[in-house]
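Reading the structure
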Amino acid sequence: PEAYRAGILRIETNLAVTLARQNVSLQKVLGLVPGSMLIFDKHYAEPLALEANGLPIATGETVKVGDKFGIRILQMSPPKAE
């Protein structure tokens, strides 16, 4: 039982931070070139979504860590069981 739990906790998952989403036409996507800008209907200071394997699990705010960016968790929201 404890060894099984430890094994499960070593499984890796894909984490992603999502700033914003929008639907755009394929024509617009194919027209993107270096220097193109996409404007999203979201304020820069709004919380980011943290996703595990595509499922939202938390919200957070952008933080600067040296010359990198990170996310400070503000609220956990585990996916609901189906």
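The notes below deal with the structure included here. (Residues numbered from 1 in each chain as written. Predicted model: local features only at pLDDT ≥ 70, side-chain atom pairs only at ≥ 80, totals over all residues. Heavy atoms only, no water.)

Secondary structure assignment for the protein yields 2 helices and 4 strands. Taken from the N to the C terminus, the helices and strands of the protein come in the order α-β-α-β-β-β. A compact globule built from 82 residues should have a C-alpha radius of gyration of about 12 Å, whereas the protein, at 17 Å, is more than 25% larger. Expressed along its principal axes, the backbone C-alpha trace of the protein runs to roughly 55 × 30 × 25 Å. (Helix = DSSP H or I, 4+ residues; strand = E, 2+ residues; numbered from the N terminus. Rg over C-alpha atoms; globule rule 2.2 N^0.38 Å.)

This part takes up the environment of glycine 60. Tracing the backbone through its elements, the reader meets glycine 60 in strand β3 (residues 55–65). Each C-alpha atom, one on glycine 60 and one on methionine 76, is 8.8 Å from the other, the two residues being 16 residues apart in sequence. When residues no more than four places from it in sequence are discounted, the contact partners of glycine 60 are Pro47, Leu48, Ile71, Arg72, Ile73 and Leu74. (Contact = heavy atoms within 4.5 Å.)

What follows is about unusual backbone geometry. With a phi close to 50°, asparagine 53 is a non-glycine residue in the positive phi region. When you line up the elements, asparagine 53 lands in the loop between β2 (48–52) and β3. Overall, the relative accessible area of 56% leaves asparagine 53 in the exposed class. (Buried < 20%, exposed > 50% of the residue type's maximum accessible area, 1.4 Å probe, protein only.)

This next bit is on a nonpolar patch on the surface. On the surface, Val24, Leu26, Val29, Leu30, Leu32, Leu38 and Phe40 cluster together into a nonpolar patch covering about 620 Å² of accessible area. As for its position among the elements, leucine 26 is in helix α2 (residues 26–30). (Patch = residues over 30% accessible without salt bridge, like charges linked within 9 Å, V, L, I, M, F, W, Y side chains within 5 Å. Areas by Shrake-Rupley, 256 points an atom, 1.4 Å probe, with all protein chains shown as cover. Salt bridge = Lys/Arg side-chain N within 4 Å of Asp/Glu carboxyl O.)

On to the side chain of glutamate 51, then. Along the chain, glutamate 51 falls in strand β2. On the basis of relative accessible area, glutamate 51 is assigned to the buried category, the value being 10%. A distance of 3.4 Å separates the side chain of glutamate 51 from the side chain of threonine 18, its partner in a polar contact. For glutamate 51, the side chain forms a polar contact with the side chain of arginine 21, separated by 2.5 Å. Setting aside chain neighbours within four positions, we find glutamate 51 in contact with Asn14, Leu15, Ala16, Thr18, Arg21, Pro56 and Ile57. (Polar contact = N/O pair within 3.5 Å; in protein donor to acceptor, adjacent residues only side chain to side chain.)

By the element assignment, valine 63 lies in strand β3. Separated by 12 residues in the primary sequence, valine 63 and glutamine 75 place their C-alpha atoms 15 Å from one another. Contacts of valine 63, omitting those with residues within four sequence positions, involve Lys68, Phe69, Gly70, Ile71 and Arg72.

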